[in-house]
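# Chains, contacts and geometry: an overview
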Amino acid sequence: MTTVDGVLEYYGCNFFKQRLILSILSGKPIRIKNIRPAGKGLQEFEVSLIRLVDKITNGTTIEISSNGTEIYFSPGFLEGGPVQHECNVQRGIGYYLELLVAVGPFCKNPLKAVLNGVTNSSESVSVDTIKSSTLKVLKRFLIVDEGLDIMINKRGLMPLGGGEVFFKCPVKNNFKAIQVMNFGKVKRIRGIVYSCKVPSSVMNRTVEAAKGVLLNFIPDIYIYTDQNKGKSSGKSPGYGIQLTAETNNDVFYSAEGVSQTLSDTNKNPTVPEDLGISTAHKLIEEIFRGGCVDSSCQWIVTLFMALSQKDVSKYVTGMLSEYTVAMLQHLKEFFDVTFKIDYHKDDDEMDDDEEENDENSSPKVSLTCVGIGYKNTNKRIT
C-alpha cells in the first residue's frame, strides 16, 4: 500500500471487498491497480458489488479504466433506505450481504435491502450462516438490536440462482466496547438441510449422515428440512446443509456444504451421505478451533472492535484466518488502529479436566484494542 495525494493505492484483486468497506467507513478514497491481467480486469461479481455500493451511498465517485484493471473509488455518505439489487450469480448473496452487515448500522436511514441471486454457494458464505453467526456478532456490539433481521423469501442455487433475501438493519450512532473471553462448551447443535427441485429423500439421507457423526459427541441435535418447490425453489436444482453449534455462553460455530451440480466441470455430483459427513466434520473442526467466534466472522469482529467506543475491547478467537490478518493490516492503514495479539490461556479458571481437554484443542488468540469512537455522521446529515 502507498499513499499518493491523499489516495490509498493498492495492487491486485485480493481483499477487494474489505478495501471498499473500509473506504466507505473512513471516507478515504482508494485506487486499486493491476487488478488482474489485461483482458480480465474486474469480474462481473465485483462490478455488481460496486453497483450495490453506489445504490446505498450518495455522492460516490467511481472511475474504472477501459480495460478494467484499475479503479478509483471516492466514497460518498451512506444513504441506506430501501434498496433492491440483482446480485451476479458468480458469487452468492452472502458475498454482498457481508458488506451490508458491515456498513448498514452507519447509514442515514435504516437499511431495507432486497437481494436477488444465489442464496447458497460454495464460492461464498451462505445467507444461513450470516443469519446464524454473523448477526449474532453484530448484536453483541449494538446497544439495541431491534429491527435487525434476515429473511430468505426464495432459495436459489448455482448456476442460475433465482433466490431472494430481505435484509433489514437499524441505524446506530456508535458501537459499544465489549470484552468477550469465555466461549464455554457446546450445549446443542441445530441445522437445516434444504433442497430445490430434488426429491425429499436426498435431504433425509443428508440429515442421517450428519447426525451419525455428531451424535458421537452430543445428544442434543436437531436438523430440520426445507424442501422448496415451484417459484420458491429458484432456477437450478440442488441441495445443501448448514449446521450451527451453540455454547452455554451464546457463542455460535457454523459450517455448511452445498451439492455440486452437473454443470460443474471436473467435479462429480455430490452424494448426500458424503455431503452430510463432510459438513459435520467441518463443524467439528470449527469447534476444535474454538474461540468466541467462528472463522467466518473473525474479520468482522476486528472491524467492530476498531469502530467501537473509546474503551478497551477484547475478544478471544481461534487461530486467525488469512482474511482476518488482512483486515488487521487494513485497519492500521485506514484507521491507524493497532491490535495487541496474544495467545490466550486462562490459568485462573482452568481446572484439571479443562487442562486435559486444552491439550487436545487448538491454540486460542486474544485480540485487544482501543476503539476509535466511530460516530455515525451520516445520521445527522439532512
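Up top is the structure.
How each quantity is defined
Residues numbered from 1 in each chain as written. Predicted model: local features only at pLDDT ≥ 70, side-chain atom pairs only at ≥ 80, totals over all residues. Heavy atoms only, no water. Salt bridge = Lys/Arg side-chain N within 4 Å of Asp/Glu carboxyl O. Helix = DSSP H or I, 4+ residues; strand = E, 2+ residues; numbered from the N terminus. Buried < 20%, exposed > 50% of the residue type's maximum accessible area, 1.4 Å probe, protein only. Pairing = 2+ DSSP bridges. Axes fitted to C-alpha atoms, helices over the stretch in contact; angles between N-to-C directions. Parallel < 35°, antiparallel > 145°, perpendicular 65-115°, else oblique. Left-handed = near helix turned anticlockwise from the far one by under 90°. Contact = heavy atoms within 4.5 Å. Nonpolar A, V, L, I, M, F, W, Y, C, P; charged D, E, K, R; others polar.

Applying the stated rule across the entire model yields 15 salt bridges. A salt bridge links Arg31 to Glu9; the shortest N-O distance between them is 3.4 Å. Here Arg31 is found in strand 3 (residues 30–33), whereas its partner Glu9 is found in strand 2 (residues 7–11), with 22 residues between them in sequence. Given a relative accessible area of 6%, Glu9 falls into the buried group. Salt bridges sharing partners connect three or more residues here, namely Glu9, Arg31, Lys33 and Glu70.

On to the sheet that holds strand 14 (residues 221–228), then. Pairing within the open sheet is mixed, and its 4 strands lie in the order 14-13-15-16. Each having just a single partner strand, strand 14 and strand 16 (252–258) make up the two edges of the open sheet. Mean inter-strand twist for the sheet, computed between neighbouring axes without regard to direction, equals 15°. As judged from the 10 bridges shared by strand 13 (residues 186–196) and strand 15 (residues 238–247), these two strands associate in the antiparallel manner.

Attention now moves to helix 1 (residues 16–26). With 10 of its 11 residues buried, helix 1 lies for the most part within the structure. Those residues of helix 1 that fall on the buried side of the exposure criterion are Phe16, Lys17, Gln18, Arg19, Leu20, Ile21, Leu22, Ser23, Ile24 and Leu25. Downstream of helix 1 by a residue or two, Gly27 has a phi angle that is positive, lying close to 80°.

It is worth spelling out the packing of helix 1 against helix 8 (residues 322–335) at this point. Put simply, helix 1 and helix 8 touch, their axes get as near as 10 Å, and they point 30° apart. By the angle class used here, helix 1 and helix 8 are roughly parallel. Pair helix 1 / helix 8 crosses with right-handed handedness. The segment helix 1 lies against helix 8, with Lys17, Gln18, Arg19, Leu22, Ser23, Leu25 and Ser26 engaging Tyr323, Ala326, Met327, His330, Leu331, Phe334 and Phe335. Along the lines of polarity and charge, the residues of the contact of helix 1 with helix 8 split into 8 nonpolar, 4 polar and 2 charged.

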